[in-house]
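If you want the building blocks of each chain, they are given just below.
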Amino acid sequence: MSFVAYEELIKEGDTAILSLGHGAMVAVRVQRGAQTQTRHGVLRHSVDLIGRPFGSKILYSTDIALITMMLELRPGSVVCESGTGSGSVSHAIIRTIAPTGHLHTVEFHQQRAEKAREEFQEHRVGRWVTVRTQDVCRSGFGVSHVADAVFLDIPSPWEAVGHAWDALKVEGGRFCSFSPCIEQVQRTCQALAARGFSELSTLEVLPQVYNVRTVSLPLPDLGSGTDGPASPDTSPFRSGTPMKEAVGHTGYLTFATKTPG
Ligand SMILES: C[S@@+](CC[C@H](N)C(=O)[O-])C[C@H]1O[C@@H](n2cnc3c(N)ncnc32)[C@H](O)[C@@H]1O
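Keep in mind it's a predicted model, so treat the numbers as computed, not measured.

*Asks:* Explain the sheet that holds strand β7 (residues 129-132) to me, using residue names and the numbers behind them.
*Replies:* Ordered in space as β7-β6-β5-β8-β9-β13-β10, the seven strands form an open sheet in which the pairing is mixed. The outermost strands of the open sheet, each flanked by one partner alone, are β7 and β10 (198-204). Going from strand to strand, the sheet's axes swing by 15° on average, the running direction of each strand aside. Two elements, strand β6 (residues 102-106) and β7, share four bridges in a ladder whose sense is parallel. Bridge pairing in β7 links V106 to R132. Those strands touched by helix α2 (residues 61-70) are β8 (149-152), β9 (173-179), β10 and β13 (252-258), and its axis lies near 10° from that of β13.

*Asks:* Let's hear about the site of the ligand: which residues, and what values?
*Replies:* Neighbouring the ligand are 22 residues; S86, E107, R112, D135 and D153 lie closest to it. R112 is positioned such that a nitrogen or oxygen atom in its side chain is 2.8 Å from an oxygen atom of the ligand. In this structure, D135 approaches the ligand through a side-chain N or O atom, which is 2.8 Å from a nitrogen atom. Put simply, the parts of the chain that give the shell around the ligand at least two residues each are α3 (88-97) and α5 (136-139). Residues of the shell around the ligand, tallied by class, amount to seven nonpolar, nine polar and six charged.

*Asks:* If you had to explain the pattern of salt bridges to someone new, which residues and values would you point to?
*Replies:* For the structure shown, the criterion picks out 10 salt bridges. In this structure, E8 engages R112 in a salt bridge whose closest nitrogen and oxygen atoms are separated by 2.8 Å. In this pair, E8 is assigned in the segment before β1 (15-21) and R112 in helix α4 (residues 110-122), connecting sequence segments 104 residues apart. E8 sits in the partly exposed class, given a relative accessible area of 41%. Its relative accessible area of 18% is what places R112 among the buried residues. As a salt-bridge pair, D148 and K169 come within 2.8 Å of each other at their nearest N and O atoms. Of this pair, D148 sits in the loop between α5 and β8 while K169 sits in the loop between α6 (161-167) and β9, placing them 21 residues apart in sequence.

Cut-off values and rules
- Residues numbered from 1 in each chain as written.
- Predicted model: local features only at pLDDT ≥ 70, side-chain atom pairs only at ≥ 80, totals over all residues.
- Heavy atoms only, no water.
- Pairing = 2+ DSSP bridges.
- Helix = DSSP H or I, 4+ residues; strand = E, 2+ residues; numbered from the N terminus.
- Axes fitted to C-alpha atoms, helices over the stretch in contact; angles between N-to-C directions.
- Contact = heavy atoms within 4.5 Å.
- Near = heavy atom within 4 Å.
- Polar contact = N/O pair within 3.5 Å; in protein donor to acceptor, adjacent residues only side chain to side chain.
- Nonpolar A, V, L, I, M, F, W, Y, C, P; charged D, E, K, R; others polar.
- Salt bridge = Lys/Arg side-chain N within 4 Å of Asp/Glu carboxyl O.
- Buried < 20%, exposed > 50% of the residue type's maximum accessible area, 1.4 Å probe, protein only.

Encoded structure:
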């Protein structure tokens, strides 16, 4: 990495700045196989950093868990996704819908799409995924009326809402869009309502970490009602207290339903 040249993708040997929240930044030297512990969880350099564009936000497993649950994904589901990015969400979707489902994922950045294709083959999940290199807002997902669910992680999801509707099965399906800013959420919700989607809801995952310790406290003397001294019992017990640090915002997840009609 040259500090006087710009590069788009993070590679081994680079120095990456992790922004972990307000006033919390840390520089890491990226190494294949290495891990960095953060208060949000572990970052695996090979999976979470290498091959991603500088400036990427890392989607945490809590968001992915909510996405797969709220999209009602299961083995056999057909899903349309854009953008593919690093393929991190794609891998989670594929693991959920295999062995009988399929993912159609759209990425307009040629190199990123190629890299994702390569990695899907390398990770032996290629048969469950089709990668298309096109602009989802202009050209859609390349399939019509086949999807049980659509997932969008692009800067202007409202421009792809019509294509999401067309990609979903005639009998309906679920929609999710991941956006870091509330203004994006508002525009997406307006487009969803205008297109006829229902059950709109926006959720944000903010995990609360608890500090669990074994503590011993003397029992208060509340008066035993019997003669003799109160018991000096100090039996240890497990205590859980919320950590003071708030876990940072990753994004808003907007869900909606296409109902037949
Ligand atoms: C935030 S990243 C997606 C991250 C992805 N969910 C992951 O797991 O890595 C956004 C991606 O969408 C792609 N993208 C943005 N607008 C697009 C569009 N209109 N059509 C297709 N891809 C688009 C970008 O090139 C970028 O790779």
